[in-house]
Amino acid sequence: MGPRSAPPKFPRDATFIYRAYLADTLVKLIGDHIDADLVYDAIQTPSTLVNGDLVLPPTTTGIHLPFFFTLLPLPRLLLPYIFDWQGSYGKTLDVGLRNPSTPQLGRKKVIVEFSSPNIAKEFHAGHLRSTIIGAYISNLYESMGWEVVKLNYLGDWGKQFGLLAVGWERFGSEEELARDPLKHLLDIYVRINTLFKPEAEASKRARDEGRDTAEIESQGLYAERNAFFRRMEDGEPEAVALWRRFRDISIERYVSTYTRLNISFDEYSGESQVQPASAEAVEKLLKEKGVYEEDKGSWVIDFEKHGSKGLGVAVVRGRTGTTTYLLRDVAAVLEREEKHAFDKMIYVVSSEQDLYFRRVFKTLEFAGRADLAARLQHVNFGSDILDQSSTAMHDVMRRNTAKYAQIDDPDTVAESVGITAVMVQDMSGKRINNYPFDIARMTSFEGDTGPYLQHCHARLNSILRKAGLTRADLAQHLADNLDRLAADLADKQHCVDLLRLMAQYPDVTATVLRNLEPSTVRTYLFRLAHQLSSCYDVVQVVGANEGRDVMLSRAALYEGARQVLENGMRLLGFSPVER
Ligand code: ARG
């Protein structure tokens with residue numbers, strides 16, 4: 001093989017050697033004027049095995065040239081490789097490196113902001129999906145070698161708190177608060193909102209008709225709400241103490257929800273933590289650039305006027321001088337940049353806030369920080385689903401406990417399987433789509449469900465156990481007996497295809513790092529699982545009468561497949577069960 005200047009793109013991909021060889025051969029055919037790296041990068045993995053193991057798309061024609069691996073070297077290349085790299089097989093580490101020669105120093109840093117519920121309001125479906133998708137994205141970046149900061153940006157500041165406090169003054173009861181704190185706060189919030197609704201509607205009508213809303217908002221609950229929030233922003237001890245009390249109650253509840261979901265955060269921040277000075281710094285920049293204007297007492301950005309079609313006009317500082325959601329968010333970006341010097345920041349928030357995030361990013365650009373805006377990404381998703389998921393999940397776990405009676409720790413297993421169920425369902429489509437909440441389908445062990453994957457993993461585990469073999473036995477065996485496996489498999493296409501699929505895994509992880517779509521990994525894992533079940537019929541380990549060498553070789557094949565399945569499941573944030 002000819003020399004290649006650059007190191008292979010995916011050093012944890014056993015088949016890079018095929019790619020490199022193919023690239024070199026192609027360069028020789030086409031002529032030296034073409035860059036080998038370009039050809040190397042153009043080689044892709046097709047989505048079905050019938051279309052080959054690698055393809056080269058000749059761009060202008062739409063034709064894909066297929067290439068097939070020859071069987072003999074495949075197990076020899078792949079299996080020892082998977083055994084060596086184990087949990088790292090498929091990790092494209094260099095993608096996350098600033099400088100590949102100094103892995104630790106040079107790691108890139110990503111902040112993943114997700115979940116971010118609102119204090120004293122319902123933890124709704126959107127927050128749950130953000131939690132699941134955010135945890136998945138964090139996991140993904142972590143396993144690709146990035147340094148990840150998982151951030152929960154609590155909705156713990158703003159006028160809705162003023163309203164809650166007004167409600168507390170009217171309907172609050174220390175007794176009920178002691179009995180069921182969060183429920184009581186939610187009750188209060190619902191009741192005060194009902195009273196507030198006519199006022200809010202009157203104000204919206206006025207705004208829609210282009211009338212001034214100042215008068216409406218200077219009386220009634222509006223005035224009370226705004227006055228309380230003003231006191232909070234001024235740091236008045238009594239107002240702050242009440243706010244802190246409500247906040248603590250909510251956080252306690254959220255933390256227990258996260259524990260059940262097996263999700264943790266590196267940092268709990270929140271809208272309340274954004275410093276007034278940072279907000280003022282943003283405003284100063286906006287004024288300097290001439291995009292910040294006063295409008296009837298509030299401060300606004302007219303995006304349309306400054307060339308951003310479709311973004312409308314947004315209030316940045318309210319009429320009573322208080323900060324807005326938008327101003328706090330933009331200020332928070334500056335603070336996080338200061339604190340973390342991140343390379344990338346991802347907001348996992350429902351598509352209801354698409355327009356909003358475009359405004360956040362544009363505001364930064366207007367403030368002269370296009371460099372910073374370019375590092376931000378809003379990862380969205382559809383959000384009106386999964387309403388009763390937390391109760392449903394509870395149910396699943398209870399039902400599974402009986403079934404797992406023979407297992408050492410049925411609670412833990414039931415928990416893992418139950419959570420995998422919800423997550424697999426969540427990952428079955430594109431993030432942006434919603435899906436019907438079908439608990440029966442979700443928890444079934446048949447079809448493409450989480451429990452099916454778990455079952456598949458447990459079955460692979462039991463093969464080694466039943467054969468009385470350890471992973472060390474297999475690794476030992478792999479050293480010199482692999483040709484036997486190739487010979488044994490030569491007429492068993494199902495198993496050859498299993499190997500070919502296993503070889504694709506590093507490509508799947510590389511793709512998913514680009515598209516951040518969990519369904520890419522999920523689809524792959526089910527292909528792998530289906531392929532495995534067709535192999536079981538043809539290739540047995542225990543009871544194979546071809547002798548011990550063949551048994552060991554086959555066991556190594558299944559163990560390799562198990563490792564790939566495990567890596568994929570972990571990438572999605574599942575904990576594979578042993579039995
Ligand atoms: N708390 C907000 C909500 O529940 C989501 C926060 C999203 N993140 C942000 N930086 N604005 O709607």
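Residues numbered from 1 in each chain as written. Predicted model: local features only at pLDDT ≥ 70, side-chain atom pairs only at ≥ 80, totals over all residues.

## Looking at the sheet that holds strand 8 (residues 313–317)
What counts here: In this description, strands pair whenever DSSP reports at least two bridges between them. A run of H or I in DSSP counts as a helix once it spans at least four residues, and a run of E counts as a strand once it spans at least two, with each numbered from the N terminus. The axes used here are C-alpha line fits, helices contributing only the stretch in contact, and every angle between their N-to-C directions lies in the interval 0 to 180 degrees.
Taken together, the 3 strands give an open sheet; going across it, the order is 6-7-8, and neighbouring strands pair in antiparallel fashion. Of all the strands in the sheet, just strand 6 (293–295) and strand 8 have a single pairing partner and so form its edges. Across this sheet, the average inter-strand angle for adjacent strands is 50 degrees, counted without regard to direction. When strand 6 meets strand 7 (residues 298–302), the two strands line up antiparallel, connected through 3 bridges. Paired with Glu 294 across the two strands is Trp 299, which belongs to strand 7.

## Things to note about helix 5 (residues 159–171)
Two residues of an α-helix separated by three or four positions point the same way, owing to the 3.6 residues in each turn. What counts is decided by this rule: Take the number of residues in a helix, subtract one, and multiply by 1.5 Å to get its expected span. Comment: burial labels come from other C-beta atoms within 10 Å of the residue's own C-beta, placed from the backbone, where a count of 20 or more is buried, 12 or fewer is exposed, and between is partly exposed. This entry defines residue contacts through backbone-placed C-beta atoms, with two residues in contact when those atoms are within 7 Å.
For helix 5, which comprises 13 residues, the first-to-last C-alpha distance of 18 Å matches the rise-based estimate of 18 Å (1.5 Å per residue) to within 8%. Taken together, the buried positions of helix 5 are occupied by Phe 161, Gly 162, Leu 163, Leu 164, Ala 165, Val 166, Gly 167 and Trp 168. Looking at the packing, one finds that the buried side of helix 5 touches helix 7 (181–208), helix 9 (220–233) and helix 10 (237–261).

## A word on the environment of Gln 476
Counting through the fold element by element, Gln 476 comes out in helix 19 (residues 471–478). For Gln 476, a count of 12 C-beta atoms within 10 Å gives the class exposed. On a C-alpha basis, the gap between Gln 476 and Tyr 325 in space is 60 Å, while along the polypeptide they are 151 residues apart.

## Re the environment of Leu 186
Mapped onto the elements, Leu 186 comes out in helix 7. Separated by 65 residues in sequence, Leu 186 and Lys 121 place their C-alpha atoms 6.1 Å apart.

## Looking at the sheet that holds strand 4 (residues 147–154)
Across the sheet, 5 strands lie side by side as 5-4-3-9-10; this open sheet has parallel pairing. The sheet is open, and its two edges are formed by strand 5 (267–270) and strand 10 (376–379), each paired on a single side. Neighbour-to-neighbour, the strand axes of this sheet turn through a mean angle of 25 degrees, independent of strand direction. As defined by bridge partners, strand 3 (residues 109–113) adjoins strand 4 across 5 bridges and the pair is classed as parallel. For Ile 111, the partnering residue across the bridge sits in strand 4 and is Val 149.

## A look at the site of the ligand
Rule in force here: To decide nearness, the C-beta atom of each residue is placed from the backbone, and the residue is near a molecule or strand if that atom lies within 6 Å of it. Here the term charged refers only to Asp, Glu, Lys and Arg, the term nonpolar to Ala, Val, Leu, Ile, Met, Phe, Trp, Tyr, Cys and Pro, and the term polar to all other amino acids, Gly among them.
Taken together, Glu 113, Ser 116, Pro 117, Asn 118, Tyr 153, Gly 155, Asp 329, Tyr 347 and Val 349 form the complete shell of residues around the ligand. The class makeup of the residues in the shell around the ligand is 4 nonpolar, 3 polar and 2 charged.

## Digging into the packing of helix 18 (residues 450–467) against helix 23 (residues 548–571)
Formally: Convention used here: angles under 35 degrees read as roughly parallel, angles over 145 as roughly antiparallel, angles from 65 to 115 as roughly perpendicular, and any remaining angle as oblique. Note on convention: near helix rotated counterclockwise from far helix by under a right angle means a left-handed crossing. Clockwise means right-handed.
It is the contact of helix 18 with helix 23, at a shortest axis distance of 10 Å, that shows an interaxial angle of 150 degrees. Taken together, the axes of helix 18 and helix 23 lie roughly antiparallel to each other. The interaxial crossing formed by helix 18 with helix 23 has left-handed handedness. Note on element contacts: helix 23 touches helix 18 through Met 551, Ala 555, Tyr 558, Glu 559, Ala 561, Arg 562, Leu 565, Glu 566 and Met 569, opposite Leu 453, Cys 456, His 457, Leu 460, Asn 461, Ile 463, Leu 464 and Ala 467. Partitioning the contact of helix 18 with helix 23 into residue classes produces 12 nonpolar, 2 polar and 3 charged.

## Considering the nonpolar core
Cut-off, in case you're wondering: The term nonpolar core refers to a set of buried Ala, Val, Leu, Ile, Met, Phe, Trp, Tyr and Cys residues connected through C-beta atoms within 7 Å.
Counting residues in hydrophobic clusters, the biggest one holds 97 residues, and the most contacted among them are Val 110, Val 112, Leu 164, Met 502, Leu 528, Ala 555 and Ala 561. For this core, the element with the most residues is helix 23, which contributes 11 residues. Those residues within four positions of Leu 164 in sequence are excluded, and the remaining contacts are Ala 120, Ile 188, Tyr 189, Ile 192 and Phe 246. With 20 residues, the next largest nonpolar core counts Val 274, Val 282, Leu 286 and Phe 366 among its residues.

## Section: helix 9
Inclusion rule: An arc is given here, and it is the one of the directions from the helix axis to the C-beta atoms.
Its 14 residues give helix 9 an end-to-end C-alpha distance of 20 Å, which sits within 8% of 20 Å, the value for a rise of 1.5 Å per residue. Every buried residue belonging to helix 9 is among Leu 221, Tyr 222, Arg 225, Asn 226, Phe 228, Phe 229, Met 232 and Glu 233, and all of these are buried. Viewed along the axis of helix 9, the buried residues span an arc of 160 degrees, placing them on a single side of the element. Structurally, helix 9 contributes buried residues whose contacts are with helix 5, helix 7, helix 8 (214–217) and helix 10.

## Quick look at the confidence of the model for the protein chain
To keep it simple, the criterion reads: The quantity known as pLDDT measures the predictor's confidence residue by residue, on a range of 0 to 100.
Chain-level statistics for the protein chain give a pLDDT mean of 83 and a share of 83% at 70 or above. Note that residues 1–10 has pLDDT below 50 and, in this model, 13 contacts with residues that lie over four places away or in other chains. Scored below 50 in pLDDT, residues 384–394 shows 18 contacts in the model against residues more than four places distant or in partner chains. Overall fold confidence (pTM) sits at 0.74, and the ipTM for the predicted complex is 0.99.

## Examining unusual backbone geometry
One non-glycine residue, Ala 341, lies in positive phi territory at about 45 degrees. Within the secondary structure layout, Ala 341 lies in the loop between helix 12 (325–340) and strand 9 (344–348). Even without being glycine, Leu 516 reaches a positive phi, approximately 50 degrees. With respect to the secondary-structure elements, Leu 516 resides in the loop between helix 21 (493–515) and helix 22 (518–538). Residue classification places Leu 516 among the partly exposed residues on the basis of 17 C-beta atoms within 10 Å.

## Here we look at the pairing of strand 3
For strand 3, the tally of buried residues reaches 4 of 5 residues, placing the bulk of the element in the interior. The pairing of strand 3 with strand 9 spans 4 bridges and is classified as parallel. When the bridges of strand 9 are listed, Val 110 appears paired with Lys 344.

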